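# Close look at the chain arrangement
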Protein chains: 2
Amino acid sequence: MKAKKENFSEWYTEVLQESGLSDYTKVSGCIVFRPYSFAIWEKLVAEVDKRFKKIGIKNCYFPLLIPKNLLEKEVEHFKGFAPEVAWVTKTGGSDLDEHLAIRPTSEVIMYDSYAKWIRSHRDLPLRLNQWVNVVRWEFKHPTPFLRTREFLFNEGHTVFATKKEAEAESKQILDIYQDVQENYLALPGIRGKKSDKEKFAGAEYSLTFEHILPDKKAIQGPDFHHDGQNFSKMFKIQFLDQNEKMQFAYQNTFAITTRQIGIMVATHGDDKGLVLPPKIAPTQVIIIPIYDNKSKKQVLAKAKEMQEFLSDFRVEIDNREGYTPGWKFHDAELKGIPLRVEIGPRDLANKTVVLARRDTGEKKEIKLNKLGKEVPAKLDAIQKNLFDKAKKFLDESIHEANNMDALKIILNTEKGFVRAGWCGSRACEDDVKDKTGAKITNMPFGLKAKGKCVDCGKPAKFVAHFAKSY
Amino acid sequence: MKAKKENFSEWYTEVLQESGLSDYTKVSGCIVFRPYSFAIWEKLVAEVDKRFKKIGIKNCYFPLLIPKNLLEKEVEHFKGFAPEVAWVTKTGGSDLDEHLAIRPTSEVIMYDSYAKWIRSHRDLPLRLNQWVNVVRWEFKHPTPFLRTREFLFNEGHTVFATKKEAEAESKQILDIYQDVQENYLALPGIRGKKSDKEKFAGAEYSLTFEHILPDKKAIQGPDFHHDGQNFSKMFKIQFLDQNEKMQFAYQNTFAITTRQIGIMVATHGDDKGLVLPPKIAPTQVIIIPIYDNKSKKQVLAKAKEMQEFLSDFRVEIDNREGYTPGWKFHDAELKGIPLRVEIGPRDLANKTVVLARRDTGEKKEIKLNKLGKEVPAKLDAIQKNLFDKAKKFLDESIHEANNMDALKIILNTEKGFVRAGWCGSRACEDDVKDKTGAKITNMPFGLKAKGKCVDCGKPAKFVAHFAKSY
């Protein structure tokens, strides 16, 4: 395996192939989610979905295909997506009268129905979500999980009677994403608001999580868009309010995608392979039995017994024939299984086992009767360690600059996010991009503007993060 | 609502719209799965998926789009699906060099990867599944759930070293489908083998469940296909066996689709609306509080208390303002909620509630302290009653015929399935179709051939079911 520090991008593609997370296909830019990565996605979906349902969001399913005239209805939205749309123009041997877009996102097909369903304030809020595949035929270099032409995501599409209610949803949703990312993927992010230039096509404003990859380039995570009345006016999503007056509704959309799997892999992995956070790992504990012909039966029986004893956890026994224990250790490391339990004939005699942590490599012999206590303790410690390391790396990737020279130097040396004052003008944002290649990733929440705009020197209205990004 | 008996097809489309299960869209032949039907699908998926995982099947995700040259690789398969394929020919503003099919099914894209992954007998069995959307642009009349141009399904694609192992899987899979259909959807089916003419494009043979709709037309349910080595030879899915000899693998595919929702609705519904089996119903019990201003607080508190007490079940309170209890009764009936609990001030005083069954309409006053016993008992009784009724209807829809005249008469009067001897020839199968419009739905398991072929009069080799079908 390539050294992660020396060549992140080669390491990344190699670790995905070798660990069996994904594979390339004959469709350019589209990957197979092999069972190992799909199991991670299923867990992420289950956790997010459970939280969505708890706050009253319901799942549904809208058609994959969107008639062209519907997609064109919201101009900004169409302009944003048109260059990447995959068009169905034929079915069987016949040309279609109207071309059909494969959904790059489902606003227009959903809102066309919403307009039929919503009549009265009693029909609101309407909070629907779907977990689906989407296609965006991008021409940027595709990278498995991080940028694929087809990917999987949730798309929440909610409708409220008032702007205040709609905007209040943002905290609920971003808290859910943050909870699952931090506590399952062990992935910290910077929560903030996009600039107008970088916001979602059709939104009034966009809120995002921004992450850092090991090569110190930024990458966007889950997002939340408040659409105001942009779509409701276009699609006539109207309702009679309590005073019998017709009103246009307020809308939000939000998403988390399979990209997060890639960010997680990139963040935690090392030169031996994947390092999976215990709470998202398909297998949390791997028991590797070590035996000769004489001890085989007893060792395997004890391994089975331990697996049953640890039934609160996801435990596998690697009892494959024809592989040495050493080979199995490497394989478990490559797959990033958080905790390895080694058991051999000597352990049977001593009533011990050896525990090995994937994150630190630490090995420790423990008494068998401590297993029930040590396993959860180690898994918790691994989960916490991975998050803490990632958080430290993220924090250390944020630098401050007071002027353009400092900004340029940081972007060329330490890289990462450069925190700087910004006057809020598109001209300055474009100018920084032209001069440095960096864009505004977002404007982190909770920071007060002070000092000057890094570009024009006028008083800063915002604190922005500038970064080169994926 | 239309009377179901008088005009099944109008009743069916009306009940779907009125109950909020589905809605039409601007894409011809494609529907919205509204939250109420999607919740049913989620439950069905969860039950099937749990059982798949238990027998070692793993989930994965392959690309939606399939290059044309890959789809053409297996000739019979391509011929079967080509007339219904939706083709992507453009992305953004550019024409694609190679057209991409939206998957009508995923054999070819999956097997192209399988050929790379499988090298040794140690890599087998490989048992993968995906829950996905597919598009088949059929030109038959589309009907929500029963026949839509996009639908959702599982597609299992498994690979084994020997034909024996591959064929043994059929019982596992069909048992899972039958279990979930019978015990959740309360839906009986006729398990059997398709004729060669009617088998899946590319399969060696196909096994199916066949159902009956209220109009006495047959409709196919879940299926299982044994592909032999058809695909493995075409895609070079080969492995070194234990004797170091190269062998072609044996394959199966199997599927259950969103069509089952439609069959379930059609089977159990009545002139008041849906009738949902308790085990699949998103809401199993609806509590309808009846109150005046004076009693409102107390009645609602008691309703809430009952909901908490019944937390093992999916219980909702209809506390919407501005609707009468009578309106709420009708609404709960329309939505097919299995059990209604009515509670008013008189009940508070008497420590009683009224239970009303959706399936039979039976109303019964019970003591409040019997609620914990009565609710599960009633739900079980409803589940059983729906299955028994459906089973009786299915059984009564099977008729026997010894000759063509009898076959014709039954197909024109009682309809349903006509059980008859068949010599096994394609000529006779085609002849029956020409003369009556009926095809062979399947050849039920466990029946021994006797007597003569209904068409040619030669000795029968099989017992076949002939039916007009969807």
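Residues numbered from 1 in each chain as written. Chains lettered and ligands numbered in written order. Predicted model: local features only at pLDDT ≥ 70, side-chain atom pairs only at ≥ 80, totals over all residues. Heavy atoms only, no water.

### Focus: the overall build of chain A
- In terms of helices and strands, chain A carries 14 helices and 24 strands.
- Relative to a compact globule of 470 residues, whose C-alpha radius of gyration would be 23 Å, chain A shows 25 Å and is just as compact.
- In terms of principal-axis extent, the alpha carbons of chain A reach across some 80 × 55 × 50 Å.
- Burial analysis of chain A (470 residues in total) assigns 57% to the buried set.
- Contacts in chain A between residues far apart in sequence, at least 24 positions, make up 68% of those at least 6 positions apart.
- Split by element, the accessible area of chain A, about 19700 Å² in all, is 49% carbon and sulfur.
- Looking at chain A, you have 77 positive and 65 negative side-chain charges, and the mean spots of the two groups are 3 Å apart. (Helix = DSSP H or I, 4+ residues; strand = E, 2+ residues; numbered from the N terminus. Rg over C-alpha atoms; globule rule 2.2 N^0.38 Å. Buried < 20%, exposed > 50% of the residue type's maximum accessible area, 1.4 Å probe, protein only. Contact = heavy atoms within 4.5 Å. Areas by Shrake-Rupley, 256 points an atom, 1.4 Å probe, with all protein chains shown as cover. Lys, Arg positive; Asp, Glu negative; His and termini not counted. Charge placed at Lys NZ, Arg CZ, Asp CG, Glu CD.)

### Regarding the sheet that holds strand 5 (residues 86-91) of chain A
- The antiparallel open sheet is built from six strands, whose spatial order is 4(A)-6(A)-5(A)-5(B)-6(B)-4(B). The open sheet has two free edges, formed respectively by strand 4 (65-67) of chain A together with strand 4 (65-67) of chain B, since each of these has just one partner strand. The mean angle between the axes of side-by-side strands here comes to 45°, regardless of whether they run parallel or antiparallel.
- With three bridges connecting them, strand 4 of chain B and strand 6 (residues 94-102) of chain B associate as antiparallel partners. Looking across to strand 6 of chain B, one finds that I66 of chain B is bridged to A101 of chain B. (Pairing = 2+ DSSP bridges. Axes fitted to C-alpha atoms, helices over the stretch in contact; angles between N-to-C directions.)

### Observations regarding the pattern of salt bridges
All names here are of chain B.
- In this structure the tally under the stated criterion is 82 salt bridges over all chains.
- We note a salt bridge from E210 to K194, for which the minimum N-O separation is 2.9 Å. Here E210 is found in strand 10 (residues 205-212), whereas its partner K194 is found in the loop between strand 9 (190-193) and strand 10, with 16 residues between them in sequence. Across this residue pair, the class does not change: E210 and K194 are buried.
- A salt bridge links E342 to K363; the shortest N-O distance between them is 3.2 Å. Linking E342 in strand 17 (residues 339-343) with K363 in strand 19 (residues 363-367), this pair joins segments that are 21 residues apart in sequence.
- On the basis of relative accessible area, E342 is assigned to the buried category, the value being 6%.
- Using a relative accessible area of 48% as the deciding quantity, one classes K363 as partly exposed. (Salt bridge = Lys/Arg side-chain N within 4 Å of Asp/Glu carboxyl O.)

### Topic: the domain arrangement of chain A
Residue and element names in this part refer to chain A.
- By the assigned domains, chain A splits into domain 1 (8-268), domain 2 (285-381) and domain 3 (398-467).
- In this structure, domain 1 and domain 3 have C-alpha centres spaced 28 Å apart.
- With 17 residues of domain 1 at the interface, the matching set in domain 3 holds 19 residues.
- Both sides together, the interface formed by domain 1 and domain 3 hides about 1400 Å², and carbon and sulfur atoms give 62% of it.
- The largest per-residue losses of area from domain 1 upon contact with domain 3 belong to I190, K197 and K216, which jointly make up 37% of the total buried on that side.
- Along the contact surface separating domain 1 from domain 3 lie two salt bridges.
- A salt bridge links K197 to D430; its shortest N-O distance comes to 2.8 Å. (Domains from an automatic or database assignment. Buried area = accessible area lost by both parts, 1.4 Å probe.)

### Concerning the interface of chain B and chain A
- Each side of the interface is counted separately: chain B has 56 residues, and chain A has 56 residues.
- A combined buried area of about 4400 Å² lies between chain B and chain A, and 61% of that area is made up of carbon and sulfur atoms.
- The largest per-residue losses of area from chain B upon contact with chain A belong to K26, Y61 and W117 of chain B, which jointly make up 14% of the total buried on that side.
- At the junction of chain B with chain A, the criterion picks out six salt bridges.
- Close ionic contact of D23 of chain B with K116 of chain A constitutes a salt bridge, the shortest N to O distance being 3.2 Å.
- At the junction of chain B and chain A, the tally comes to 28 residue pairs in polar contact (both at pLDDT 80 or more).
- The element contributing the most residues to the side of chain B that touches chain A is strand 5 (residues 86-91) of chain B, with six residues.
- Its residues placed into classes, the side of chain B that touches chain A shows 33 nonpolar, eight polar and 15 charged. (Polar contact = N/O pair within 3.5 Å; in protein donor to acceptor, adjacent residues only side chain to side chain. Nonpolar A, V, L, I, M, F, W, Y, C, P; charged D, E, K, R; others polar.)

### Here's the deal with the environment of H225 of chain A
Residue and element names in this part refer to chain A.
- In this fold, H225 is placed in strand 11 (residues 218-228).
- The class for H225 is buried, based on a relative accessible area of 5%.
- As for H225 and D95, which are separated by 130 residues in sequence, their C-alpha atoms are 36 Å apart.
- Those residues within four positions of H225 in sequence are excluded, and the remaining contacts are F200, A203, Y205, S206, Q251, N252 and T253.
- Within polar-contact distance, the side chain of H225 engages the side chain of S206 at 2.6 Å.
- Polar contacts involving the side chain of H225 include one to the side chain of D223, which spans 3.3 Å.

### Regarding the sheet that holds strand 24 (residues 462-467) of chain B
Residues and elements named next belong to chain B.
- Taken in spatial order, the four strands of this open sheet run 20-21-24-22, and their pairing is mixed. In this open sheet, the two edge strands, each paired with only one partner strand, are strand 20 (398-400) and strand 22 (439-440).
- Sheet topology note: the strand 22/strand 24 ladder contains two bridges and is antiparallel. Counted as the bridge partner of K439 is A467 from strand 24.

### What to know about the relation of the copies chain B and chain A
- Superposition record for chain B on chain A: RMSD 0.0 Å, screw rotation 180°, translation along axis 0.0 Å. Accordingly, the operation relating the two chain copies is best matched by a two-fold axis. When C-alpha positions in chain B are compared against the rotation axis, the closest is assigned to V88 of chain B, at 2.1 Å.
- A shared binding surface is used by both copies, with 100% of the interface residues of chain B retained as interface residues in chain A. (Least-squares fit on C-alpha atoms with pLDDT ≥ 70 in both.)

### A few points about the pairing of strand 14 (residues 250-255) of chain B
Residue and element names in this part refer to chain B.
- Across the six residues that make up strand 14, a large majority, six, are buried.
- Here strand 8 (residues 150-160) runs beside strand 14; their pairing, made up of five bridges, is antiparallel. The residue of strand 14 that forms the bridge with G156 is F254.
- Where strand 11 (residues 218-228) meets strand 14, five bridges bridge the pair, whose relative direction is antiparallel. The residue bridging G228 from the neighbouring strand is Q251, located in strand 14.

### Topic: the pairing of strand 19 (residues 363-367) of chain A
Residues and elements named next belong to chain A.
- Pairing analysis gives five bridges linking strand 18 (residues 352-357) to strand 19, with the strands arranged antiparallel. Each bridged residue has a counterpart across the sheet, and for V353 the counterpart in strand 19 is I366.
- Here strand 18 folds back onto strand 19, and the loop between the two strands holds five residues, one of which, G361, carries a positive phi near 80°.

### Here we look at the nonpolar core
- Membership of the largest hydrophobic core comes to 190 residues, with the highest contact counts inside it found for I102 and Y114 of chain A together with I102 and Y114 of chain B.
- Filtering out sequence-adjacent residues up to four positions away, Y114 of chain A remains in contact with F62, L126, L128, H157, V159, I237 and Q251 of chain A. (Core = buried A, V, L, I, M, F, W, Y, C linked by side-chain atoms within 4.5 Å.)

### Observations regarding a positive patch on the surface
- Taken together, the side chains of K140, K217, K415 and K433 of chain A define a basic patch exposed on the protein surface.
- Within the element layout of this structure, K433 of chain A appears in helix 14 (residues 426-436). (Patch = residues over 30% accessible without salt bridge, like charges linked within 9 Å, V, L, I, M, F, W, Y side chains within 5 Å.)

### Some remarks on the side chain of T436 of chain B
Residues and elements named next belong to chain B.
- Tracing the backbone through its elements, the reader meets T436 in helix 14 (residues 426-436).
- Residue class for T436 comes out buried when judged on its relative accessible area of 11%.
- Within the structure, the side chain of T436 is placed 2.7 Å from the backbone oxygen of V432, a separation counted as a polar contact.
- If we skip the residues at most four places from it in the chain, T436 touches M404, L407, K408, L411 and K468.

### Some words on the packing of helix 2 (residues 35-54) of chain B against helix 8 (residues 259-268) of chain B
Residues and elements named next belong to chain B.
- Look at helix 2 against helix 8: their axes get within 10 Å of each other, and the N-to-C directions meet at 110°. With respect to each other, helix 2 and helix 8 are oriented roughly perpendicular. Seen along the crossing, helix 2 lies across helix 8 with a hand that is right-handed. For the pair helix 2 and helix 8, contact is made by S37, I40, W41 and L44 and by Q260, I261 and M264, respectively.
- Here the contact of helix 2 with helix 8 is built from residues that sort into five nonpolar, two polar and no charged. (Parallel < 35°, antiparallel > 145°, perpendicular 65-115°, else oblique. Left-handed = near helix turned anticlockwise from the far one by under 90°.)

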